[in-house]
Amino acid sequence: MADKIFRVNMTNLTSTIEEVPPAWAGYGGRGLTSTIVSAEVEPTCHPLGPKNKLVIAPGLLSGTVAANSGRLSIGAKSPLTGTIKEANSGGTAAQLLARAGVKALIIEGQPKGDTWYSLAVTPEGVTVNEETELIGKGNFAVVDALTKRTGGKQGLITIGPAGEMKMGGANISIKDPDGGLRSSGRGGLGAVLGSKKIKFIAIDPKDGKVAIADPEKFREANKVFAKALVDHPVSQALGQYGTNVLVNIINESGGLPTQNFSKGQFAGHEAISGETMHDTILARGGRIKHNCHPGCVIQCSQVFNDAAGNKLTSGFEYESIWAMGADCCVDNLDHIAQADKLMDDIGVDTIETSVAFGVAMEAGVLAFGDGAGVCRILQEDIAKGTPLGRIIGNGAGSVGRAFGITRVPVVKNQAIPAYDPRAIKGIGITYATSTQGADHTMGYTIATNILGVGGKLDPLTKEGQVELSRNLQIATAAIDSTGMCLFIAFAALDNATCLPALIDLINAKYGLSLTGDDVVNLGKYILRTERAFNTAAGFTSADDRLPEFFYLEPLPPHNVVFDFTGKEIDTFWNF
Amino acid sequence: MKRITVKLFAYFRDNRFKLEEREISEETTVGDIVDALGIDRQEVGVLMVNSRHTEFVYRPAAGDVLAIFPVVGGG
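What you see is a predicted model; the values in this text were computed from it and never measured.

Criteria and cut-off values
- Residues numbered from 1 in each chain as written.
- Chains lettered and ligands numbered in written order.
- Predicted model: local features only at pLDDT ≥ 70, side-chain atom pairs only at ≥ 80, totals over all residues.
- Heavy atoms only, no water.
- Helix = DSSP H or I, 4+ residues; strand = E, 2+ residues; numbered from the N terminus.
- Buried < 20%, exposed > 50% of the residue type's maximum accessible area, 1.4 Å probe, protein only.
- Contact = heavy atoms within 4.5 Å.
- 1 Å grid on protein atoms, 1.4 Å probe; cavity = no way out; pocket = protein on both sides within 12 Å on 5 of 7 lines; lining within 4 Å.
- Points joined across faces, edges and corners; volume = space filled by probe spheres on them.
- Nonpolar A, V, L, I, M, F, W, Y, C, P; charged D, E, K, R; others polar.
- Domains from an automatic or database assignment.
- Buried area = accessible area lost by both parts, 1.4 Å probe.
- Salt bridge = Lys/Arg side-chain N within 4 Å of Asp/Glu carboxyl O.
- Pairing = 2+ DSSP bridges.
- Axes fitted to C-alpha atoms, helices over the stretch in contact; angles between N-to-C directions.
- Phe/Tyr/Trp six-rings, centres within 6.5 Å; stacked < 30°, edge-to-face > 60°.
- Lys NZ or Arg CZ within 6 Å of the ring centre and 35° of its normal.

All names here are of chain A. Along the chain, arginine 422 turns up in the loop between β17 (414-415) and α16 (425-433). With relative accessibility at 1%, the residue arginine 422 sits in the buried group. Contacts of arginine 422, omitting those with residues within four sequence positions, involve Phe261, Leu460, Phe549, Phe550, Glu553, Leu555, Val560, Val561 and Phe562.

Encoded structure:
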């Protein structure tokens, strides 16, 4: 089936299927969402107004049997940052969209009235339907109701109450193979879908299949690729402990942001660590391994049960556990799991919202360590949209402004994730220069600064950090275009067979002869395209800086500050 | 002899310990300690002494805290 552009106009509630413009043909995932947003969205538009567009694109390999290729890219102008945005997620939607022949789904315009809608995507096109029953409902209720209404096999993309209320921390949820949720978390894209009055998107590919130009070459390449993934020890550790294995090692390095980024180590680290979580899951009968999409061979996800043995949450990630745990000084894994589930249900980003709680704790809204208080405010304020709930639901920057706090860990108004840039300097360069606000996944220098993957570079020295971040951001932009999970990067950095096999997969699917240089050039093109959008939106190099407190307040235990000059940071763009 | 603290992480804890104080000789290296624990050096991903990265050849000083991690990742 030839891929097409599916376009929905929410102003007049019509949809079309268009041929793919030749200029877009070589792109998928982030490369495609950023290309389309740059081509069609006015950079200065209001992110929640009729001129913004939400673009949903599977990766170049999504829908094939290639291992770990089921990631979805969602792009728009972000209401949180004001920059271009791509949020990347697992779940089944990417594979099902690809099988339905959708290269990209573009949602534009805005209805005038108060009516809410849903979209149904099939290979024949998109229908826009009025929705009443599920408005105001949490994401889990939406998934349950739609599983009954449409059967369990459809892909689902939904927003919770936070997206309906257009909060800056609102995420977009993607149903996983077991009816759990994965999140396109960052940048408030749930608010953009809410501004289009769309509660959910159902995807039914019917009997659609993805065409492969050279099936035999594809099979061979996939064997080599999957073996490189499975053989890498990081993949194995991810399966056993999940991403949360990082709590103890980042704490040991002195770079675990604690008590709203005032310390680099958390006294309660052991209680929230991957090791404790692993033992707890075993004791309570959850699942150690779980895949966010079919075909994942790493299985870093898990199912975490409560003390009675009932499922509490799944996809319980390091970033969420750090943010609600160390940053808010909550050392009770059950409170953190409960908060994680509530945030998934309400539809807010766990990083943004938890960091916002850390700032709120500093402001005295509730005490550091009050995990039960976090759960109460999530249910009584954020889910219901009280004034306090909207202040927190709009993110860490919003809380800081409302309460006059200066220690507000954001870049371009997006909350800084789980690695302190004073003690791990490479990631500070990524936070500062990322085209999308603070985001560790844009250029994960932790691999080399802390984990010894892809070489070693002392996290406390300045030398080499800009180059490291640059190389990783270029590679990441390319990987985010393939539909591949970013965790293939650990194998790609260390195993010489991995990246060539990935390129072979793309070549076999499309009948191309791309080389490694083409992949690097793709990454550079994406970064430049995204930056050009931001520049046109009014951003300058003065926005590529960390908050002042990182330069002023030494972080224990190393008692270091972030000490890159603006000029040094700006050399990032010398490529 | 000098006294140091050894911390183990992830599956290195299985049938060993989380944290233990040890007496070591003046000449003992980090590699010797790893070997004595029956940990394959190939499986070691990260070594830290007092929250700074270190190598197998380093000789811990009295009071040092040595942390031994297998190859791990996440993010």
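The discussion continues.
Here the focus is empty space enclosed by the protein. This model, assessed by the stated rule, comprises three cavities of 30 Å³ or more. Its boundaries defined by the atoms lining it, the largest cavity holds a volume of some 90 Å³. In terms of residue class, the lining of the largest cavity is made up of seven nonpolar, three polar and three charged. Empty space within the second largest cavity amounts to approximately 40 Å³. Along the lines of polarity and charge, the residues of the lining of the second largest cavity split into seven nonpolar, one polar and one charged.

Moving on to the domain arrangement of chain A. Residue and element names in this part refer to chain A. Looking at the assigned domains, one finds that chain A contains domain 1 (4-203), domain 2 (214-241 + 432-575) and domain 3 (242-420). Distance from the C-alpha centre of domain 1 to the C-alpha centre of domain 3: 25 Å. Taken together, the contacts link 38 residues of domain 1 with 36 residues of domain 3. Interface area for domain 1 against domain 3, summed over the two sides, is near 2700 Å², with a carbon-plus-sulfur share of 48%. When the buried area of domain 1 at its contact with domain 3 is split by residue, Asn68, Leu80 and Arg186 rank highest and sum to 23% of it. Taken together, the connections running from domain 1 to domain 3 amount to four salt bridges.

Spatially, β2-β1-β5-β3-β4 (chain B) is the arrangement adopted by the five strands of the open sheet, whose pairing is mixed. The sheet terminates laterally at β2 (19-24) and β4 (52-53) of chain B, the two strands that pair on one side only. Alignment of strand β1 (residues 2-8) of chain B against strand β5 (residues 65-70) of chain B, held across four bridges, turns out to be parallel. Residue pairing across strands places leucine 8 of chain B opposite isoleucine 68 of chain B, the latter belonging to β5 of chain B. Here helix α8 (residues 246-253) of chain A sits on the sheet in contact with β1, β3 (44-49) and β5 of chain B, set at roughly 145° to β5 of chain B.

Tallying each qualifying case throughout the model produces 16 aromatic pairs over all chains. Each ring, one from phenylalanine 304 of chain A and one from phenylalanine 316 of chain A, has its centre 5.2 Å from the other, and the planes form 55°; the classification is tilted. Here phenylalanine 304 of chain A, found in strand β14 (residues 301-305), pairs with phenylalanine 316 of chain A, found in the loop between β15 (311-314) and α10 (318-324); they are 12 residues apart in sequence, far enough to count as distant. Taking relative accessible area as the criterion, phenylalanine 304 of chain A reaches 1% and is therefore assigned buried. Here a set of aromatic residues connected by ring pairs shows up, and it is made of Tyr318, Tyr419, Tyr444, Phe487 and Phe490 of chain A. One residue, lysine 462 of chain A, lies across the ring of phenylalanine 564 of chain A, its end atom 5.3 Å from the ring centre. Its end group placed over the ring of phenylalanine 56 of chain B, arginine 41 of chain B keeps NZ or CZ at 4.9 Å from the ring centre.

Moving on to the pairing of strand β7 (residues 116-122) of chain A. Residues and elements named next belong to chain A. Most of β7 sits inside the fold, with six of its seven residues counted as buried. In this sheet, strand β8 (residues 125-131) lies alongside β7 in antiparallel orientation, the contact comprising seven bridges. Among the inter-strand pairings, serine 118 is bridged to a residue of β8, identified as asparagine 129. Taken together, β7 and the strand that follows it, β8, pair antiparallel across an intervening segment of two residues.

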